[in-house]
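This is what each chain is made of:
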Amino acid sequence: MSEVCSGKSRVFDITIIGGGPSGLFGAFYAGMRQMSTKIIDAQPQLGGQLIALYPEKFIYDMPGFLRIRASELVQHLVEQAMQFSPTVCLNERVIGLERLEEKLFMLKTDKSEHYTKTVLICAGIGAFTPRRLGKPEVERFEGKGVFYTVTDIGAFAGKRVLIVGGGDSAVDWALSLEPIAQKVTLIHRRDQFRAHEHSVEKLMHSSVDVHLLHELETLNGDEFPRKAVIYHNKTGEKKVLAVDAVILALGFTTDIGQIKNWGLEMDGNHIKVDQKMMTNIPGVFAAGDIATYPGKVKLIATGVAEAATAVNQAKVFIDPKARLQPTFSSTFGIPGQV
Ligand SMILES: Cc1cc2nc3c(=O)[nH]c(=O)nc-3n(C[C@H](O)[C@H](O)[C@H](O)COP(=O)(O)OP(=O)(O)OC[C@H]3O[C@@H](n4cnc5c(N)ncnc54)[C@H](O)[C@@H]3O)c2cc1C
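Residues numbered from 1 in each chain as written. Predicted model: local features only at pLDDT ≥ 70, side-chain atom pairs only at ≥ 80, totals over all residues. Heavy atoms only, no water.

Observations concerning the nonpolar core
Within soluble globular proteins, side chains that are nonpolar generally end up buried alongside one another. Here is the rule: Among buried residues, the Ala, Val, Leu, Ile, Met, Phe, Trp, Tyr and Cys ones that are joined through side-chain atoms within 4.5 Å form a nonpolar core. Any residue under 20% of the maximum accessible area for its type is buried, any over 50% is exposed, and the rest in between are partly exposed; the area is computed with a 1.4 Å probe on protein chains only. The numbering of helices and of strands both runs from the N terminus, where a helix is a DSSP run of H or I of at least 4 residues and a strand a run of E of at least 2. Residue ranges for the domains originate in an automatic or database domain assignment. In what follows, residue pairs with any heavy atoms lying within 4.5 Å of each other are defined as contacts.
Counting residues in each nonpolar core, the largest one holds 85 residues, and the members touching the most others are I59, L120, I121, I163, L177, L186 and L264. The element best represented in this core is helix 7 (residues 300-318), accounting for eight residues. Viewed by domain, this core spans two of them, domain 1 (11-128 + 253-332) and domain 2 (132-250), each represented by three or more residues. Every residue in contact with L120, bar those within four places of it in the chain, is listed here: I14, T15, I16, I17, G26, F285, A286, A287, A307, A310 and V311. Within the second largest apolar cluster, 15 residues are counted, among which are V164, I230, V243 and V246.

What follows is the structure in structure tokens.
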């Protein structure tokens, strides 16, 4: 990281809560607008959901990339943002927001206090916890053959992998592991997948062994799982599969924590924003998954665009004489680039 989290009494132009793709691109744009910038994230690393939940998954809908692995996209986003050396505070959760003056906010975290002229909330879906099966006989293998996310795809090379789930993660991991695993089996309790149509079509043309209307009954093994018992949830018919690893892609529960108590106008777990990406508190903006407005689509591409809008608006909020539209001349551009 370019700079340790220090100088907490200093007032930053903008403080970004959340270092996922929206927050990172927001930090880049704030640098472009010559704003002093701080990012605070509760996770031990930058990247948001892409790093915490699906680092090895390919993303097919980023402008300019036919496909890019989530971890690689984060690497590019971090590199792009760090050109302007923002202050980055990791492992720090923001728990309170207080407006001290018209253009002065105090953010209280579980470690400290931070002062800023504007705030950009890019807190995504908040803290995420994977959904468990609720079967102790399966959970006893957690971390020793039972996983909730794929953080190192190479760890599954040559293995017999059972994936449980029917959403995007389940299908994407099945497709990502197919070329390197010895065998990939995917079971889903419903008769249709919830995943992206294109991914499901690829799945159906792949060598992944797909069992719809099937659920995991139990896992047998010593230190590691060796056999999985699955059953057809309409007929009750059981099958025993030899497995080395099981990935439970059952989704996750999320918690946006204290944000709901900050006086922001909310719609469920989302912060309402206007066309400027400004919340009901002047000077406090939101972008990415946490922000909502009529017609909202939650995508990385939309989140980063919203962050760019928010940052340019924050620039004008601080200095009403500043241009809203950024100039693209080298004078205001990237450090070292002409
Ligand atoms: C399995 C899966 C696959 C996906 N695939 C795609 C895809 O192919 N294409 C696509 O466009 N989108 C995809 N998405 C959606 C995409 O990941 C999100 O739209 C994107 O991550 C939103 O980015 P964000 O920066 O708004 O939030 P996030 O990525 O959620 O980042 C938010 C960050 O804020 C931090 N945070 C939260 N609360 C606090 C707090 N109080 N204090 C400090 N830090 C806090 C969190 O720790 C987190 O790091 C996928 C999502 C999932 C789950």
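Once the structure has been displayed, the description carries forward.
Remarks on the domain arrangement of the protein chain
Note the threshold: When two parts are brought into contact, each loses some accessible area as probed by a 1.4 Å sphere; the total of that loss over both is the buried area. A side-chain nitrogen of Lys or Arg and a carboxyl oxygen of Asp or Glu constitute a salt bridge if their distance falls within 4 Å. The term polar contact refers here to a pair of N or O atoms within 3.5 Å; inside protein, the definition further demands a hydrogen-donor-capable atom paired with an acceptor-capable atom, and it admits residues adjacent in sequence only when both atoms are side-chain atoms. Polarity classes work like this: nonpolar for Ala, Val, Leu, Ile, Met, Phe, Trp, Tyr, Cys and Pro, charged for Asp, Glu, Lys and Arg, and polar for all others, with Gly in that last group.
When the domains of the protein chain are assigned, the result is domain 1 (11-128 + 253-332) and domain 2 (132-250). The straight-line distance from the C-alpha centre of domain 1 to that of domain 2 is 34 Å. At the interface, eight residues of domain 1 touch nine residues of domain 2. Regarding the contact of domain 1 and domain 2, the summed buried area is about 690 Å², with carbon and sulfur atoms giving 53% of it. There are one salt bridge connecting domain 1 and domain 2. Notably, a salt bridge pairs K57 with D172, separated by 3.0 Å at the nearest N-O pair. For the pair domain 1 and domain 2, the number of links is two residue pairs in polar contact (both at pLDDT 80 or more). For the side of domain 1 that touches domain 2, the residue count by class is five nonpolar, no polar and three charged.

Regarding the site of the ligand
Condition: It suffices for a single heavy atom of a residue to lie within 4 Å of a molecule or strand for the residue to be listed as near it. Computed with the Shrake-Rupley method and a 1.4 Å probe, the accessible areas treat only the protein chains shown as cover for residues.
Not every one of the 30 residues close to the ligand is listed here, only the nearest: D41, Q49, Y54, D61 and D289. S22 has a polar side-chain atom sitting 2.9 Å from an oxygen atom of the ligand. In the environment of the ligand, an oxygen atom lies 3.1 Å from a nitrogen or oxygen atom belonging to the side chain of K57. In isolation the ligand has 1000 Å² of accessible area, and contact with the protein removes 92% of it. Residue assignment for the shell around the ligand shows that the elements contributing at least two residues are helix 1 (21-32) and helix 2 (49-52). Its residues assigned to classes, the shell around the ligand comprises 14 nonpolar, 10 polar and six charged.

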